[in-house]
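Fold and geometry: a report
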Amino acid sequence: MTKKMAGKLYLVPTPVGNLEDITLRAIRILKEVDLILAEDTRTSGILLKHFDIKKPLQSHHKFNEHETVSHIAERILSGESIALISDAGTPAISDPGFMLVRQCVSCGVDVECLPGATAFVPALVDSALPCDRFCFEGFLPQKKGRATKIASLKDESRTMIFYESPYRVVKTLTQFAEAFGSERPAAVCREISKIHEECVRGSLGELIEHFTAHEPKGEIVMIVGGKEEKKREEENTLLNPPCEEVDDSVDKGRVDELTVSCHPEQSEGSVNASNRDD
């Protein structure tokens, strides 16, 4: 007989591809909770049936979560244990979950996220790009704010991670090349943990050429190398040239000239005014 669990919200990662990627603990939790919230009950129903998990399912997605989070938190406070799963991967990572977690925490509900599957970590490691420091950007805005967002990442030194639709891969790579330069290293990983898993590495220019000739399919993770510190320093030097050091014995007029040479935005009038003060 299964023991009764204390009221708690569990965020349970589900496989992004191979069903064997689910953890033993995830299966146990899903068998013990009172209710399972699913992004798509049809998709999750297949997973639960495979592991012989027979628990009530309730739809919880981005279109209804703002209306249901309060009621769910109340149910947990009354003693029920509820698990949240997404179609694939870890809930709340580019999927519904954040609003529910925030509501539960604000109500004093215990929240526990199990470790498990997510698409971007394998893609990051497979990319062969630095993974000691990285930033996860998820899906870019489709229209409004897209160009602004990409431009804001031009000087990002950490490796960048994006999710993208296969139909926008070439467009996105082209926008990246325009903002970061076509020589910036990158990788496009698709179908993580599935039969046709693939990771294509190269410069942004090379990836554009490849995916123009070979139409991408499946779930896509894009990894883009950060801006090298050396290039950042070189660009900063060009934009802000160091002023020439001046010996204390140099006359004030010479100092004024040197100051103007380092700050060409100063007008001739300001130079003359400075000389007149002597």
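Our subject is the structure that appears above.
Described in the following lines is the structure provided in the data block. (Residues numbered from 1 in each chain as written. Predicted model: local features only at pLDDT ≥ 70, side-chain atom pairs only at ≥ 80, totals over all residues. Heavy atoms only, no water.)

Along its length, the chain carries 11 helices and 10 strands. The buried share among the 278 residues of the chain stands at 40%. Put simply, of all contacts in the chain between residues at least 6 apart along the chain, 70% involve residues at least 24 apart. Accessible area of the chain: about 16,200 Å², with a carbon and sulfur share of 52%. (Helix = DSSP H or I, 4+ residues; strand = E, 2+ residues; numbered from the N terminus. Buried < 20%, exposed > 50% of the residue type's maximum accessible area, 1.4 Å probe, protein only. Contact = heavy atoms within 4.5 Å. Areas by Shrake-Rupley, 256 points an atom, 1.4 Å probe, with all protein chains shown as cover.)

Moving on, we get to the sheet that holds strand β9 (residues 198–203). To summarise the sheet geometry, strands pair through backbone hydrogen bonds and adopt either a parallel or an antiparallel arrangement. One open sheet accounts for five strands, arranged β6-β7-β10-β8-β9; its pairing is mixed. The open sheet has two edge strands with one neighbour each: β6 (134–139) and β9. Across the sheet, the axes of successive neighbouring strands diverge by a mean angle of 15°, strand direction being ignored. The sheet contacts of helix α7 (residues 169–180) involve β7 (159–164), β8 (185–190) and β10 (220–224), and relative to β10 the element is tilted by about 10°. Most of the contacts of helix α8 (residues 204–213) go to β9, to which it runs at about 130°, and overall it touches β8 and β9. (Pairing = 2+ DSSP bridges. Axes fitted to C-alpha atoms, helices over the stretch in contact; angles between N-to-C directions.)

Once that is clear, we can look at α8. Buried within α8 we find L204, L207, I208 and F211. Each buried residue of α8 lies within a common arc of 105° when the element is viewed along its axis, so the set occupies one face. In α8, the exposed residues that point more than 90 degrees away from the buried face are E209 and A213. Where α8 is buried, its residues meet α7, β8 and β9. (Arc of directions from axis to C-beta.)

Remark: α7 packs on α8, axes separated minimally by 9 Å, with the N-to-C direction vectors making an angle of 160°. Here α7 is positioned roughly antiparallel relative to α8, judged by the angle of their axes. Every pair of crossing elements has a handedness; the one defined by α7 and α8 is left-handed. Contacts between α7 and α8 pair V169, V170, L173, T174, F176, A177 and F180 from the former with L204, L207, I208, F211 and T212 from the latter. Partitioning the contact of α7 with α8 into residue classes produces 10 nonpolar, two polar and no charged. (Parallel < 35°, antiparallel > 145°, perpendicular 65-115°, else oblique. Left-handed = near helix turned anticlockwise from the far one by under 90°. Nonpolar A, V, L, I, M, F, W, Y, C, P; charged D, E, K, R; others polar.)

The next point concerns the packing of aromatic side chains. Counted under the stated rule, the structure contains six aromatic pairs. Taken together through their ring pairs, the aromatic side chains of F120, F134, F136, F139 and Y163 make up a single cluster. (Phe/Tyr/Trp six-rings, centres within 6.5 Å; stacked < 30°, edge-to-face > 60°.)

Turning our attention to the side chain of E191. Inspection of the secondary structure puts E191 in the loop between β8 and β9. Residue E191 is classed as buried on the basis of its relative accessible area, which comes to 15%. Every residue in contact with E191, bar those within four places of it in the chain, is listed here: H196, E197, K217, G218 and E219.

Bringing the side chain of R190 into the picture now. One can find R190 in strand β8. By relative accessible area, R190 is classed as buried at 18%.

This next bit is on the sheet that holds strand β4 (residues 81–85). The sheet built from five strands is open, its strands ordered β3-β2-β4-β1-β5 with parallel pairing. Looking at which strands have only one partner, the edges of the open sheet turn out to be β3 (57–59) and β5 (111–113). Neighbour to neighbour, the strand axes of the sheet diverge by 25° on average, direction disregarded. When strand β2 (residues 35–38) meets β3, the two strands line up parallel, connected through three bridges. Among the inter-strand pairings, I36 is bridged to a residue of β3, identified as L57. Most of the contacts of helix α3 (residues 65–77) go to β4, to which it runs at about 140°, and overall it touches β1 (8–11), β2, β3 and β4. In this fold helix α4 (residues 98–106) packs onto β1, β2, β4 and β5, with an angle of close to 155° to the strand it touches most, β1.

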